[in-house]
Amino acid sequence: MESSLPLRLHEGKVIKDRRHHLRTYPNCFVAKELIDWLIAHKEASDRETAIKIMQKLLDQSIIHHVCDEHKEFKDTKLFYRFRKDDGTFPLDNEAKVFLRGQRLYEKLMNMENSLLQTREEEGSRYDRTLVGSDFVDWLLQEGEVTSREEAEQLGRRLLEHGILQHVTNKHHFVDGGLLYQFRMNFRRRRRLMEVLSDRCRTIPESQDSPFCLRKQNSDGGKTSFLSVSPSKEIKVVSAVRRSSMSSSCGSSGYYSSSPTLSSSPPVLCNPKSVLKRQVSPEELQTPGGPYIKKTFTIVGDAVGWGFVVRGNKPCHIQAVDPSGPAAAAGMKVCQFVVSVNGLNVLSLDYKTVSNLILTGPRTIVMEVMEEIDY
(Lines give C-alpha, C1' and ligand atoms only; values in the text may rest on other atoms or scores of the structure.)
Protein backbone atom coordinates (compact mmCIF):
# COMPACT_ATOMS: atom_id res chain seq x y z
CA MET A 1 0.00 0.00 0.00
CA GLU A 2 2.64 2.55 1.08
CA SER A 3 4.78 1.79 -1.98
CA SER A 4 1.93 2.61 -4.43
CA LEU A 5 0.75 5.76 -2.63
CA PRO A 6 3.82 7.90 -3.51
CA LEU A 7 3.45 6.91 -7.17
CA ARG A 8 -0.21 7.94 -7.22
CA LEU A 9 0.64 11.23 -5.50
CA HIS A 10 3.43 11.94 -7.99
CA GLU A 11 1.07 11.25 -10.88
CA GLY A 12 -1.55 13.54 -9.32
CA LYS A 13 1.03 16.34 -8.88
CA VAL A 14 0.42 16.31 -5.13
CA ILE A 15 4.11 15.51 -4.69
CA LYS A 16 6.33 18.03 -6.46
CA ASP A 17 9.15 20.52 -5.89
CA ARG A 18 7.99 23.44 -3.76
CA ARG A 19 9.52 26.78 -2.71
CA HIS A 20 9.31 28.48 0.66
CA HIS A 21 11.39 31.43 1.89
CA LEU A 22 13.64 31.34 -1.19
CA ARG A 23 14.41 27.65 -0.67
CA THR A 24 13.30 24.76 -2.88
CA TYR A 25 12.13 21.52 -1.25
CA PRO A 26 12.14 18.67 -3.81
CA ASN A 27 9.50 15.93 -3.97
CA CYS A 28 7.33 17.07 -1.07
CA PHE A 29 3.64 17.51 -0.39
CA VAL A 30 1.57 19.98 1.62
CA ALA A 31 -0.20 18.30 4.51
CA LYS A 32 -3.47 20.14 3.95
CA GLU A 33 -3.51 19.30 0.21
CA LEU A 34 -2.77 15.63 0.92
CA ILE A 35 -5.67 15.39 3.33
CA ASP A 36 -7.92 16.88 0.63
CA TRP A 37 -6.61 14.22 -1.80
CA LEU A 38 -7.16 11.32 0.62
CA ILE A 39 -10.77 12.32 1.15
CA ALA A 40 -11.40 12.96 -2.56
CA HIS A 41 -9.98 9.51 -3.44
CA LYS A 42 -11.95 7.81 -0.63
CA GLU A 43 -8.81 6.73 1.23
CA ALA A 44 -10.22 8.49 4.30
CA SER A 45 -13.76 9.36 5.28
CA ASP A 46 -12.94 12.67 6.99
CA ARG A 47 -10.05 14.92 7.92
CA GLU A 48 -9.62 13.43 11.38
CA THR A 49 -9.21 9.94 9.93
CA ALA A 50 -6.80 11.22 7.28
CA ILE A 51 -4.65 12.84 9.96
CA LYS A 52 -4.55 9.57 11.92
CA ILE A 53 -3.49 7.65 8.81
CA MET A 54 -0.65 10.05 8.02
CA GLN A 55 0.40 10.17 11.67
CA LYS A 56 0.79 6.40 11.55
CA LEU A 57 3.03 6.69 8.47
CA LEU A 58 5.00 9.41 10.26
CA ASP A 59 5.43 7.20 13.34
CA GLN A 60 6.64 4.37 11.13
CA SER A 61 9.30 6.58 9.49
CA ILE A 62 7.66 6.25 6.07
CA ILE A 63 7.18 10.03 5.84
CA HIS A 64 8.79 12.93 7.69
CA HIS A 65 8.66 16.70 7.92
CA VAL A 66 11.11 18.16 5.38
CA CYS A 67 13.14 19.82 8.16
CA ASP A 68 12.34 17.14 10.78
CA GLU A 69 10.93 19.88 13.01
CA HIS A 70 7.47 18.37 13.54
CA LYS A 71 6.75 14.94 15.00
CA GLU A 72 3.00 15.35 14.58
CA PHE A 73 1.15 15.42 11.27
CA LYS A 74 -0.86 18.63 11.15
CA ASP A 75 -3.67 19.77 8.85
CA THR A 76 -1.77 22.88 7.79
CA LYS A 77 0.52 24.06 4.97
CA LEU A 78 3.58 22.25 6.38
CA PHE A 79 5.78 20.32 3.94
CA TYR A 80 6.27 16.57 4.38
CA ARG A 81 8.08 14.02 2.23
CA PHE A 82 8.21 10.25 1.73
CA ARG A 83 11.59 9.01 2.92
CA LYS A 84 11.94 6.92 -0.24
CA ASP A 85 11.89 10.17 -2.21
CA ASP A 86 14.91 11.65 -0.43
CA GLY A 87 16.94 8.51 0.26
CA THR A 88 16.49 8.58 4.04
CA PHE A 89 14.42 5.39 4.19
CA PRO A 90 16.68 2.79 5.87
CA LEU A 91 17.54 -0.11 3.57
CA ASP A 92 19.45 -3.00 5.10
CA ASN A 93 20.54 -6.08 3.17
CA GLU A 94 17.27 -7.87 3.92
CA ALA A 95 15.19 -5.02 2.54
CA LYS A 96 17.40 -4.85 -0.56
CA VAL A 97 16.75 -8.53 -1.29
CA PHE A 98 13.02 -7.96 -0.86
CA LEU A 99 13.03 -4.97 -3.20
CA ARG A 100 15.07 -6.83 -5.80
CA GLY A 101 12.63 -9.73 -5.66
CA GLN A 102 9.76 -7.29 -6.14
CA ARG A 103 11.47 -5.72 -9.15
CA LEU A 104 12.17 -9.10 -10.77
CA TYR A 105 8.56 -10.16 -10.18
CA GLU A 106 7.27 -7.02 -11.92
CA LYS A 107 9.60 -7.55 -14.90
CA LEU A 108 8.43 -11.14 -15.26
CA MET A 109 4.76 -10.17 -14.99
CA ASN A 110 5.16 -7.48 -17.65
CA MET A 111 6.76 -9.82 -20.20
CA GLU A 112 4.70 -10.53 -23.32
CA ASN A 113 5.60 -14.23 -23.15
CA SER A 114 5.91 -14.71 -19.42
CA LEU A 115 8.10 -17.40 -17.90
CA LEU A 116 5.40 -17.81 -15.27
CA GLN A 117 3.16 -20.61 -16.54
CA THR A 118 1.10 -23.56 -15.34
CA ARG A 119 3.32 -26.67 -15.24
CA GLU A 120 3.41 -30.16 -13.74
CA GLU A 121 5.87 -31.68 -11.30
CA GLU A 122 5.51 -35.15 -9.76
CA GLY A 123 2.01 -35.52 -11.18
CA SER A 124 0.61 -32.26 -9.78
CA ARG A 125 -0.15 -29.01 -11.60
CA TYR A 126 1.06 -25.68 -10.26
CA ASP A 127 0.10 -22.18 -11.43
CA ARG A 128 2.55 -19.39 -12.27
CA THR A 129 5.67 -21.50 -12.05
CA LEU A 130 9.09 -20.96 -13.54
CA VAL A 131 11.75 -23.55 -14.29
CA GLY A 132 14.99 -23.00 -12.39
CA SER A 133 17.21 -23.15 -15.46
CA ASP A 134 14.85 -20.87 -17.44
CA PHE A 135 14.98 -18.33 -14.64
CA VAL A 136 18.79 -18.45 -14.72
CA ASP A 137 18.75 -17.97 -18.52
CA TRP A 138 16.41 -15.00 -18.14
CA LEU A 139 18.53 -13.35 -15.42
CA LEU A 140 21.56 -13.59 -17.73
CA GLN A 141 19.63 -12.21 -20.73
CA GLU A 142 18.34 -9.28 -18.68
CA GLY A 143 21.80 -8.42 -17.39
CA GLU A 144 20.75 -9.05 -13.79
CA VAL A 145 23.76 -11.35 -13.26
CA THR A 146 27.03 -12.10 -15.04
CA SER A 147 27.21 -15.88 -14.62
CA ARG A 148 25.03 -18.91 -13.99
CA GLU A 149 26.70 -19.32 -10.58
CA GLU A 150 25.71 -15.77 -9.61
CA ALA A 151 22.16 -16.40 -10.86
CA GLU A 152 21.87 -19.57 -8.79
CA GLN A 153 23.13 -17.71 -5.71
CA LEU A 154 20.49 -15.02 -6.31
CA GLY A 155 17.79 -17.68 -6.61
CA ARG A 156 18.90 -19.22 -3.34
CA ARG A 157 18.82 -15.84 -1.59
CA LEU A 158 15.31 -15.19 -2.89
CA LEU A 159 14.21 -18.58 -1.59
CA GLU A 160 15.86 -18.12 1.79
CA HIS A 161 14.10 -14.77 2.19
CA GLY A 162 10.70 -16.30 1.46
CA ILE A 163 10.26 -14.63 -1.95
CA LEU A 164 10.65 -17.79 -4.04
CA GLN A 165 9.74 -21.34 -3.12
CA HIS A 166 10.04 -24.79 -4.64
CA VAL A 167 6.50 -25.89 -5.51
CA THR A 168 6.55 -28.66 -2.89
CA ASN A 169 9.16 -27.08 -0.58
CA LYS A 170 11.39 -30.12 -1.01
CA HIS A 171 14.36 -28.43 -2.65
CA HIS A 172 16.54 -25.36 -2.49
CA PHE A 173 16.98 -23.31 -5.65
CA VAL A 174 19.13 -25.03 -8.28
CA ASP A 175 19.96 -24.32 -11.90
CA GLY A 176 17.93 -27.21 -13.27
CA GLY A 177 14.49 -28.47 -14.19
CA LEU A 178 12.71 -28.03 -10.84
CA LEU A 179 9.71 -25.72 -10.58
CA TYR A 180 9.53 -22.61 -8.41
CA GLN A 181 6.89 -20.00 -7.59
CA PHE A 182 6.90 -16.50 -6.16
CA ARG A 183 5.39 -16.68 -2.68
CA MET A 184 4.30 -13.05 -2.56
CA ASN A 185 1.67 -11.17 -4.50
CA PHE A 186 3.58 -7.94 -4.87
CA ARG A 187 0.67 -6.38 -6.71
CA ARG A 188 -1.81 -6.52 -3.85
CA ARG A 189 -2.66 -2.95 -2.97
CA ARG A 190 -3.67 -2.43 0.64
CA ARG A 191 -6.01 0.40 1.53
CA LEU A 192 -4.63 3.18 3.70
CA MET A 193 -7.30 2.51 6.33
CA GLU A 194 -5.55 -0.79 7.09
CA VAL A 195 -2.72 1.01 8.88
CA LEU A 196 -5.08 2.19 11.61
CA SER A 197 -6.02 0.22 14.69
CA ASP A 198 -9.20 0.85 16.61
CA ARG A 199 -7.60 2.55 19.58
CA CYS A 200 -4.72 2.29 22.01
CA ARG A 201 -5.25 -0.77 24.19
CA THR A 202 -3.23 -2.59 26.77
CA ILE A 203 -1.58 -5.90 25.89
CA PRO A 204 -3.05 -8.85 27.78
CA GLU A 205 -0.68 -11.15 29.58
CA SER A 206 -0.89 -14.48 27.80
CA GLN A 207 0.85 -17.83 27.82
CA ASP A 208 1.37 -17.35 24.08
CA SER A 209 3.07 -14.67 22.06
CA PRO A 210 0.88 -11.56 22.45
CA PHE A 211 2.37 -9.81 19.43
CA CYS A 212 1.11 -12.00 16.66
CA LEU A 213 -2.64 -12.05 16.55
CA ARG A 214 -4.71 -10.25 13.96
CA LYS A 215 -8.13 -8.68 14.31
CA GLN A 216 -10.97 -10.29 12.37
CA ASN A 217 -14.02 -9.12 14.30
CA SER A 218 -14.97 -6.64 17.00
CA ASP A 219 -16.12 -8.73 19.91
CA GLY A 220 -14.40 -6.78 22.62
CA GLY A 221 -10.83 -7.56 21.70
CA LYS A 222 -11.11 -11.30 21.11
CA THR A 223 -10.52 -12.85 17.73
CA SER A 224 -9.79 -16.07 15.96
CA PHE A 225 -7.43 -17.28 13.27
CA LEU A 226 -6.56 -20.47 11.48
CA SER A 227 -3.79 -22.71 12.74
CA VAL A 228 -2.59 -25.53 10.50
CA SER A 229 -1.15 -28.58 12.23
CA PRO A 230 1.18 -31.08 10.52
CA SER A 231 -1.82 -33.32 9.82
CA LYS A 232 -3.29 -30.45 7.69
CA GLU A 233 -6.36 -30.32 9.95
CA ILE A 234 -7.72 -26.79 10.09
CA LYS A 235 -8.58 -25.53 13.55
CA VAL A 236 -10.06 -22.22 14.63
CA VAL A 237 -8.43 -21.11 17.86
CA SER A 238 -9.45 -18.26 20.12
CA ALA A 239 -6.99 -15.65 21.27
CA VAL A 240 -6.67 -12.08 22.48
CA ARG A 241 -5.87 -9.53 19.82
CA ARG A 242 -2.52 -7.76 19.79
CA SER A 243 -3.47 -4.23 18.95
CA SER A 244 -1.22 -1.47 17.67
CA MET A 245 -0.35 1.44 19.88
CA SER A 246 -1.04 4.95 18.75
CA SER A 247 1.75 7.49 18.56
CA SER A 248 1.23 8.38 22.20
CA CYS A 249 2.11 4.86 23.25
CA GLY A 250 5.65 4.68 21.98
CA SER A 251 8.07 6.27 19.56
CA SER A 252 7.83 3.39 17.11
CA GLY A 253 4.09 3.76 16.74
CA TYR A 254 3.61 0.08 17.55
CA TYR A 255 4.79 -0.76 21.04
CA SER A 256 6.27 1.14 23.91
CA SER A 257 9.46 -0.34 25.31
CA SER A 258 7.60 -1.68 28.33
CA PRO A 259 3.98 -2.41 27.41
CA THR A 260 1.44 -2.41 30.19
CA LEU A 261 -0.07 -5.82 30.94
CA SER A 262 -3.72 -6.02 31.81
CA SER A 263 -5.24 -8.10 34.60
CA SER A 264 -7.18 -10.21 32.09
CA PRO A 265 -6.84 -13.95 32.63
CA PRO A 266 -4.31 -15.61 30.31
CA VAL A 267 -5.70 -17.14 27.14
CA LEU A 268 -4.11 -20.31 25.84
CA CYS A 269 -3.94 -20.34 22.06
CA ASN A 270 -3.74 -23.84 20.58
CA PRO A 271 -1.82 -25.14 23.66
CA LYS A 272 -0.99 -28.50 22.09
CA SER A 273 2.35 -28.32 20.27
CA VAL A 274 2.24 -28.73 16.51
CA LEU A 275 5.67 -30.41 16.53
CA LYS A 276 5.96 -34.10 15.78
CA ARG A 277 9.02 -34.13 18.03
CA GLN A 278 11.28 -31.62 19.74
CA VAL A 279 14.78 -31.14 18.32
CA SER A 280 17.92 -29.67 19.87
CA PRO A 281 19.88 -26.63 18.64
CA GLU A 282 22.77 -28.98 17.89
CA GLU A 283 20.59 -31.14 15.64
CA LEU A 284 19.35 -28.10 13.73
CA GLN A 285 22.91 -26.92 13.08
CA THR A 286 24.41 -30.27 12.10
CA PRO A 287 25.99 -29.93 8.61
CA GLY A 288 24.13 -31.99 6.02
CA GLY A 289 21.09 -32.35 8.26
CA PRO A 290 17.50 -32.41 6.93
CA TYR A 291 16.94 -28.69 7.55
CA ILE A 292 17.09 -25.61 5.35
CA LYS A 293 17.63 -22.10 6.69
CA LYS A 294 15.25 -19.37 5.57
CA THR A 295 15.20 -15.65 6.30
CA PHE A 296 12.00 -13.62 6.50
CA THR A 297 11.61 -9.86 6.59
CA ILE A 298 8.18 -9.26 8.14
CA VAL A 299 6.64 -5.81 8.29
CA GLY A 300 3.92 -5.68 10.92
CA ASP A 301 0.66 -4.12 9.85
CA ALA A 302 -1.89 -2.27 11.94
CA VAL A 303 -2.89 -5.37 13.89
CA GLY A 304 0.24 -7.44 14.16
CA TRP A 305 2.73 -9.75 12.49
CA GLY A 306 0.44 -12.77 12.31
CA PHE A 307 2.19 -15.67 14.04
CA VAL A 308 2.66 -17.42 17.39
CA VAL A 309 5.87 -18.83 18.85
CA ARG A 310 5.94 -21.59 21.46
CA GLY A 311 8.45 -23.90 23.10
CA ASN A 312 12.03 -23.26 24.11
CA LYS A 313 15.61 -24.12 23.15
CA PRO A 314 14.66 -23.73 20.31
CA CYS A 315 11.29 -22.01 19.93
CA HIS A 316 9.06 -23.00 17.04
CA ILE A 317 6.26 -21.43 15.03
CA GLN A 318 3.04 -22.70 16.57
CA ALA A 319 0.47 -20.91 14.39
CA VAL A 320 0.37 -18.57 11.41
CA ASP A 321 -2.49 -16.32 10.39
CA PRO A 322 -3.00 -17.19 6.69
CA SER A 323 -3.92 -13.58 5.87
CA GLY A 324 -1.13 -11.96 7.88
CA PRO A 325 2.28 -10.46 7.05
CA ALA A 326 4.17 -13.54 8.33
CA ALA A 327 2.27 -15.88 6.00
CA ALA A 328 2.87 -13.50 3.10
CA ALA A 329 6.60 -13.62 3.84
CA GLY A 330 6.58 -17.43 3.78
CA MET A 331 6.46 -18.36 7.45
CA LYS A 332 4.92 -21.75 8.30
CA VAL A 333 4.08 -23.77 11.38
CA CYS A 334 6.78 -26.12 12.71
CA GLN A 335 9.67 -23.89 11.64
CA PHE A 336 12.32 -23.38 14.33
CA VAL A 337 13.37 -19.85 15.24
CA VAL A 338 17.12 -19.31 14.88
CA SER A 339 17.51 -15.55 15.19
CA VAL A 340 15.52 -12.33 15.55
CA ASN A 341 16.99 -9.15 14.12
CA GLY A 342 20.45 -10.71 14.10
CA LEU A 343 20.35 -12.06 17.65
CA ASN A 344 20.70 -15.83 18.00
CA VAL A 345 17.73 -17.15 20.04
CA LEU A 346 18.28 -20.92 19.83
CA SER A 347 18.89 -21.11 23.58
CA LEU A 348 15.94 -18.90 24.61
CA ASP A 349 12.34 -19.72 25.56
CA TYR A 350 9.34 -18.33 23.75
CA LYS A 351 8.53 -15.72 26.42
CA THR A 352 11.97 -14.16 26.01
CA VAL A 353 11.68 -14.28 22.22
CA SER A 354 8.21 -12.74 22.42
CA ASN A 355 9.52 -9.88 24.53
CA LEU A 356 12.44 -9.39 22.16
CA ILE A 357 10.03 -8.86 19.28
CA LEU A 358 7.59 -6.78 21.32
CA THR A 359 10.27 -4.28 22.27
CA GLY A 360 11.87 -4.15 18.84
CA PRO A 361 11.06 -2.37 15.59
CA ARG A 362 7.96 -2.86 13.48
CA THR A 363 10.02 -4.59 10.79
CA ILE A 364 11.56 -7.82 12.05
CA VAL A 365 14.09 -10.08 10.34
CA MET A 366 13.81 -13.70 11.43
CA GLU A 367 15.93 -16.69 10.51
CA VAL A 368 14.25 -20.08 10.81
CA MET A 369 15.13 -23.69 10.10
CA GLU A 370 12.60 -25.73 8.16
CA GLU A 371 12.64 -29.50 7.84
CA ILE A 372 13.02 -30.74 4.28
CA ASP A 373 10.60 -33.43 3.18
CA TYR A 374 12.45 -36.06 1.21
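Identification of the chain as DEP domain containing MTOR-interacting protein from Scleropages formosus is taken from an unreviewed UniProt entry.

With respect to the helices, strands and loops of the structure, His316 is situated in strand E13 (residues 315-320). Distance in space between the C-alpha atoms of His316 and Tyr350 is 8.2 Å, their sequence separation being 34 residues. Setting aside anything within four residues of it in sequence, one finds His316 in contact with Ser273, Val274, Leu275, Val308, Val309, Arg310, Gly311, Gln335 and Phe336. Polar contacts involving the side chain of His316 include one to the side chain of Gln318, which spans 3.1 Å.

Moving on to the sheet that holds strand E7 (residues 164-166). Within a sheet, each strand pairs with its neighbour through backbone hydrogen bonds, oriented either parallel or antiparallel. If you trace the 4 strands from one edge of the open sheet to the other, you get E5-E6-E8-E7, paired in antiparallel fashion. In this open sheet, the two edge strands, each paired with only one partner strand, are strand E5 (117-121) and E7. Looking at each pair of strands side by side, their axes are set apart by 60° on average, direction ignored. Here 4 bridges tie E5 to strand E6 (residues 124-131), and the two strands are oriented antiparallel to one another. Bridge pairing links Glu121 to Ser124 in E6. The strands touched by helix H6 (residues 132-141) within the sheet are E5, E6, E7 and strand E8 (179-182), with E6 carrying the most contacts at an inclination of about 20°. On top of the sheet, helix H7 (residues 148-160) reaches E7 and E8; it is set at about 95° to E7, its chief contact.

Moving on, we come to helix H10 (residues 350-358). When H10 is considered as a whole, its buried residues turn out to be Tyr350, Val353, Ser354, Ile357 and Leu358. Down the axis of H10, the buried set is contained in an arc of 140°. They therefore lie on one face. On the buried face of H10, the contacting elements are strand E12 (307-311), E13, strand E14 (336-340) and strand E16 (363-371).

It is worth spelling out unusual backbone geometry at this point. Between Lys313 and Pro314 the backbone carries a cis peptide bond, its omega angle lying at 5°. Along the chain, Pro314 falls in the loop between E12 and E13. Here Glu122, not a glycine, exhibits a phi torsion of approximately 55°, which is positive. Inspection of the secondary structure puts Glu122 in the loop between E5 and E6. Even without glycine at this site, Arg128 takes up a positive phi of about 50°.

A few words on the packing of H6 against H7. H7 packs onto H6 with a crossing angle of 115° between their chain directions and a minimal axis gap of 9 Å. Note that H6 runs across H7; the crossing there is right-handed. Across the interface between the two elements, Ser133, Phe135, Val136, Asp137, Leu139 and Leu140 of H6 pack against Arg148, Ala151, Leu154 and Leu158 of H7. Here the residues of the contact of H6 with H7 are counted per class, giving 7 nonpolar, 1 polar and 2 charged.

Here we come to the packing of aromatic side chains. Inspection of every chain in the model, using the stated rule, returns 9 aromatic pairs. Between Phe29 and Phe82, the aromatic rings sit 5.8 Å apart at their centres with planes inclined by 55°, giving tilted as the arrangement. One end of the pair, Phe29, is in strand E2 (residues 23-30); the other, Phe82, is in strand E4 (residues 79-82), and 53 residues separate them in sequence. Just as Phe29 is buried, Phe82 falls in that class too. Members of the aromatic cluster, connected to one another through ring pairs, are Phe29, Phe73, Tyr80 and Phe82. If you follow Arg310 out to its NZ or CZ, it ends over the ring of Tyr350, 5.6 Å from the centre.

This part is about the packing of helix H2 (residues 31-40) against helix H3 (residues 47-59). Two elements in contact, H2 and H3, have axes separated by 9 Å at closest approach and are oriented at 110°. When the axes of H2 and H3 are compared, the pair comes out roughly perpendicular. The crossing of H2 and H3 is right-handed. Counted together, Lys32, Leu34, Ile35, Asp36, Leu38 and Ile39 of H2 and Arg47, Ala50, Ile51 and Met54 of H3 form the full contact between these two elements. Its residues assigned to classes, the contact of H2 with H3 shows 7 nonpolar, no polar and 3 charged.

Cut-offs applied
- Residues numbered from 1 in each chain as written.
- Predicted model: local features only at pLDDT ≥ 70, side-chain atom pairs only at ≥ 80, totals over all residues.
- Heavy atoms only, no water.
- Helix = DSSP H or I, 4+ residues; strand = E, 2+ residues; numbered from the N terminus.
- Contact = heavy atoms within 4.5 Å.
- Polar contact = N/O pair within 3.5 Å; in protein donor to acceptor, adjacent residues only side chain to side chain.
- Pairing = 2+ DSSP bridges.
- Axes fitted to C-alpha atoms, helices over the stretch in contact; angles between N-to-C directions.
- Buried < 20%, exposed > 50% of the residue type's maximum accessible area, 1.4 Å probe, protein only.
- Arc of directions from axis to C-beta.
- Left-handed = near helix turned anticlockwise from the far one by under 90°.
- Nonpolar A, V, L, I, M, F, W, Y, C, P; charged D, E, K, R; others polar.
- Phe/Tyr/Trp six-rings, centres within 6.5 Å; stacked < 30°, edge-to-face > 60°.
- Lys NZ or Arg CZ within 6 Å of the ring centre and 35° of its normal.
- Parallel < 35°, antiparallel > 145°, perpendicular 65-115°, else oblique.

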